[in-house]
Each structure stands twice: as structure tokens, then as C-alpha cells.
Amino acid sequence: MATDIISQGRSFDFLIVGAGMAGASAAYFLSTEGSVLMLEMESQPGYHTTGRSAALFSEAYGNAPIRALTSSGRAFLIDPPDGFANTAILTPRGALFVGREDQMASLDAAYEAGAEHLDSVQRLTARDVRELVPVLREGYAAAGVLEADAMDMDVNALHQGFLRGARGRGAQLRQDARVAGLKRENGAWRVRAGGENFFAKVVINAAGAWCDEVATLAGARPVGLVPKRRTAILFDGPSEMPFAAWPAFIDADEEFYARPESGALMGSPADETPMAPCDVQAEELDIAIAVDRLQTATTLEIRRIIRSWAGLRSFVADKTPVVGFDPEVDGFFWLAGQGGYGIQTSPSMGRVAAALARGDDVPADLQQFGVVAAELSPGRFGPGPMD
Ligand SMILES: Cc1cc2nc3c(=O)[nH]c(=O)nc-3n(C[C@H](O)[C@H](O)[C@H](O)COP(=O)(O)OP(=O)(O)OC[C@H]3O[C@@H](n4cnc5c(N)ncnc54)[C@H](O)[C@@H]3O)c2cc1C
């Protein structure tokens, strides 16, 4: 560790690049183990993907490693430690996958994947489906699959809980501090951000869509992360019926979804447009596609869009997050590729990251849910170019 006069007060055990949900959750669990600094390039830590999610917790969503991370974190979200949040983080919602006649294979696959893992997943008839979401057009849905235990998440309460908890244990957060240089010197990192130098034994790359760029700064090979734009709209619900208790309803092929939100309805065309990391905005065309798909499936008349936004969901090729030390660059730790699941997986992902970053194995209780370090490891990409 560098110990010159410049480094005094600026040396940390763990320096985390990015204070979105990934960086904040890692800081929360690492701050019991050592000194932690989070460096965030924006003035608001939730400005990028974390502040733009659909806020749905679904244990049936994503591949097996994602489902293991999600289910193993449920207890934390239901009953977080005292003082973590003033409001409930999870509240009941339900997730209803709807399929037309020609989508029965996709609906069957959704049922198989969900039922294999969860007792609460059930098949529904066309009639059941319309009882739950009466605006679905008569004859549109041939059947449905209900994940009754899916929940709404209070993303801000969760993010602030991690940040507040980490700071309460001594972690520091610097905002408006973009990491622009990473250099390994004498067994430690010299990190340049906001015109200052910081020093750390371990750098944790939790930069969301920018993780491959940050890795390049550190001399590590990119993992082939692809940020994909996803659009959301908030619009007025039907005036003629109550809708606050509807489940989220999701097309069996994920071509659209919608759910009640803040007295209105939130919808998405479930777009996945690859793009370079940036402050992404919603495109008119994607908004129009969202409106068209929702109006085709339902009797909703979307006359007024209250708000629209877009965010980047970042994936590697196998759609599994990348968590662990870089196989080639000393002291460089990845916490990347959370895709469309980085909020619901954050309690377990933060714990796994903290355990691996301090040289331990995955905590035993998470292993019991099927969380396996090798499946998350950046080493899984093997030798050769990753991008
Ligand atoms: C429309 C939409 C719907 C979604 N729905 C859900 C959902 O229902 N459930 C769910 O679990 N997930 C959902 N997600 C995914 C979830 O939002 C993400 O997986 C999660 O927010 C990723 O968190 P993160 O911390 O990795 O990224 P971010 O929140 O983007 O944080 C990364 C941070 O790194 C900072 N940064 C980057 N480069 C630097 C640098 N050089 N120096 C300093 N700081 C830097 C950025 O400013 C940013 O704040 C959704 C996403 C979108 C867009």
C-alpha cells in the first residue's frame, strides 16, 4: 500500500467505482470488513440504470444463477436489518405472463422454468387472466401463468438503505468524481478521480454500463459487456375501473409489460437495443411501439403519456453477472453485467461480492440456494479475447 504523505486519508482497503445499486450493496457488506470509498461520477448515485428500473421482484425471471441470487436475497428484502429503511422494500404485486394461442410454447416454458423453482407458480385459463386484468382484449390471451409472490420493490429505499448503512459503518462516498485513471503501483492501486489521487488495495468495478471502459483503464480485458436500451412510459390508467391491485402483466415472449405505478400505469415495449454507454433517453419510436403493443393487447386508450424514460441494461453473452477478481490483473474485482435483474439480486450480489473480494467463498446460506462462484467468475470466459 502506498504510504507517502499524499496518500494519508486517501488510502482504502476497497475502492468502488460507481455507487448505483451494485456499488452501494457491495459497500454495505464490505464496510464491516475494512475501509471503503465509493467514487461516483454523477452528483446523484442513482442517476443511471438504478434510478430507471421497472422495480419488479420476480423469482421466476432470468437464468438459473439469477434465480438463485434473487431467491437467496428475498429474506433480506422482506425483513432488512433494523434501521435499514423506513418503509417496506417489497410489497405484494404478482406477475402474470399472458400468451396468445400462438405463444403457448413460450408460456409453457415460462411455467416449467417457474414451477421448477417456485411452488406459487400456477397456470391460468383465459377467463382467469381476464379476471385479473380486465382490460386484456377478449380473445387475446389464450392462457396465463401467474407468479403470485412477485413483488413491487421500493428501489430508492433499498439503494438509500445500502448507502446510509455503508456510511454509518464508515464508508465514504464522493460524488462528481469520475474515475479517469487506474494504475497498479507497489501492490496497490492509484486511482485518479475528480483531479485527486486515491489509493486502494482492491478496486471494485461496479460502473454499470461503463464496466468494460473502467476495466480498460485498469489494463484488464473487457468481458464483452453490451448495454441495451430499455424504454418505459408512465400513462393514465382507465378511469372506469380500479387498477391499483392488478398484477404486472407480461407478454409470454416479453414483447411488452405493464404494471400499476404511482396511481398510473407503467409500460414498456421490452426493447433491447445495443448501444454505447451514455445518458440514454427514450426514443419516440420505442414509445410508439410501447403504445401500439399495449393497445393491441388491451382495451387501454393511451391518450396522455405522463413521463417516459430509458435505461441501459448491461449483459455479457451468457446473461449471467460477472462477479470476482480479474484472472489476470491483480486486485481488480468485477461486479458487472446485472442486466435486468440488478435490483432484485442486489442483497445477495452485494454479499457475494464482499465475500469474494475479501478472499472468502460464497456464504454457505447462499450456496444452499445454488449460488456458485465459478458461474459468476470473470475467469469463466477463458483465455483469448473476451469481446
Ligand atoms: C427499464 C428498466 C427496467 C428494469 N427493471 C428491473 C426490474 O424490474 N428488476 C430488477 O431487479 N432490475 C431491473 N432493471 C435492471 C437494474 O436497474 C440494473 O440491473 C441495476 O440498476 C444495475 O445497477 P448498477 O449499479 O450496476 O448500474 P448503475 O445504476 O448504472 O450504476 C453504475 C454507476 O457507475 C457510475 N460510473 C460509471 N463510470 C464511472 C466512472 N468512470 N467513475 C465513477 N463512476 C462511474 C455511473 O454514474 C453509475 O451511477 C431494469 C433496468 C431498466 C433500464
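Residues numbered from 1 in each chain as written. Predicted model: local features only at pLDDT ≥ 70, side-chain atom pairs only at ≥ 80, totals over all residues. Heavy atoms only, no water.

Among the secondary structure elements, Arg229 is positioned in strand 13 (residues 226-235). Beyond its immediate sequence surroundings of up to four residues, Arg229 is in contact with Asp271, Glu272, Thr273, Met275, Val280, Gln281, Glu283, Asp286, Ala310, Gly311 and Leu312. (Helix = DSSP H or I, 4+ residues; strand = E, 2+ residues; numbered from the N terminus. Contact = heavy atoms within 4.5 Å.)

Okay, the packing of helix 2 (residues 64-78) against helix 8 (residues 346-357) next. Interaxial distance between helix 2 and helix 8 falls to 7 Å at its minimum, and their mutual angle equals 105°. Here helix 2 lies roughly perpendicular to helix 8, going by the angle between them. Contacts between helix 2 and helix 8 involve Leu69, Ser72, Gly73, Phe76 and Leu77 on the former and, on the latter, Pro347, Ser348, Met349 and Val352. Tallied by class, residues from the contact of helix 2 with helix 8 come to six nonpolar, three polar and no charged. (Axes fitted to C-alpha atoms, helices over the stretch in contact; angles between N-to-C directions. Parallel < 35°, antiparallel > 145°, perpendicular 65-115°, else oblique. Nonpolar A, V, L, I, M, F, W, Y, C, P; charged D, E, K, R; others polar.)

A probe as big as a water molecule, rolled over the atoms, marks out the empty space that is left. With the rule as written, the count across this model stands at one cavity of 30 Å³ or more. Among the residues making up the lining of the largest cavity, the classes are represented as five nonpolar, three polar and one charged. Both domain 1 (5-53 + 155-224 + 319-381) and domain 2 (95-148 + 226-315) contribute no fewer than three residues apiece to the lining of the largest cavity. (1 Å grid on protein atoms, 1.4 Å probe; cavity = no way out; pocket = protein on both sides within 12 Å on 5 of 7 lines; lining within 4 Å. Points joined across faces, edges and corners; volume = space filled by probe spheres on them. Domains from an automatic or database assignment.)

Right, let's get into the environment of Ala297. Within the fold, Ala297 resides in helix 7 (residues 284-297). Not counting chain neighbours up to four residues away, the residues in contact with Ala297 comprise Val135, Leu136, Arg137, Tyr140 and Phe256.

For Ser262, which is not a glycine, the phi torsion comes out positive at approximately 50°. Its place among the elements puts Ser262 in the loop between strand 15 (257-261) and strand 16 (264-268). What makes Ser262 exposed here is its relative accessible area of 65%. Phi at Lys319 takes a positive value of approximately 65°, unusual for a residue other than glycine. The topology assignment puts Lys319 in the loop between strand 18 (305-315) and strand 19 (322-325). (Buried < 20%, exposed > 50% of the residue type's maximum accessible area, 1.4 Å probe, protein only.)

Okay, the confidence of the model for the protein next. Do not read the fine detail of predicted coordinates wherever pLDDT is low. Looking at the protein, the pLDDT average stands at 95 and 96% of residues meet or exceed 70. Under a pLDDT of 50 for its full length, residues 1-6 has, in the predicted model, eleven contacts with residues more than four places off or in other chains. (pLDDT = per-residue confidence, 0-100.)

Taken in spatial order, the three strands make up an open sheet running 3-8-4, and their pairing is antiparallel. Strand pairing shows two members of the sheet lacking a second neighbour, strand 3 (56-57) and strand 4 (90-92), which therefore form its edges. For strand 3 and strand 8 (residues 151-153), the ladder comprises two bridges, and the chain directions are antiparallel. Across the sheet, Phe57 pairs through a bridge with Met151, a residue of strand 8. (Pairing = 2+ DSSP bridges.)

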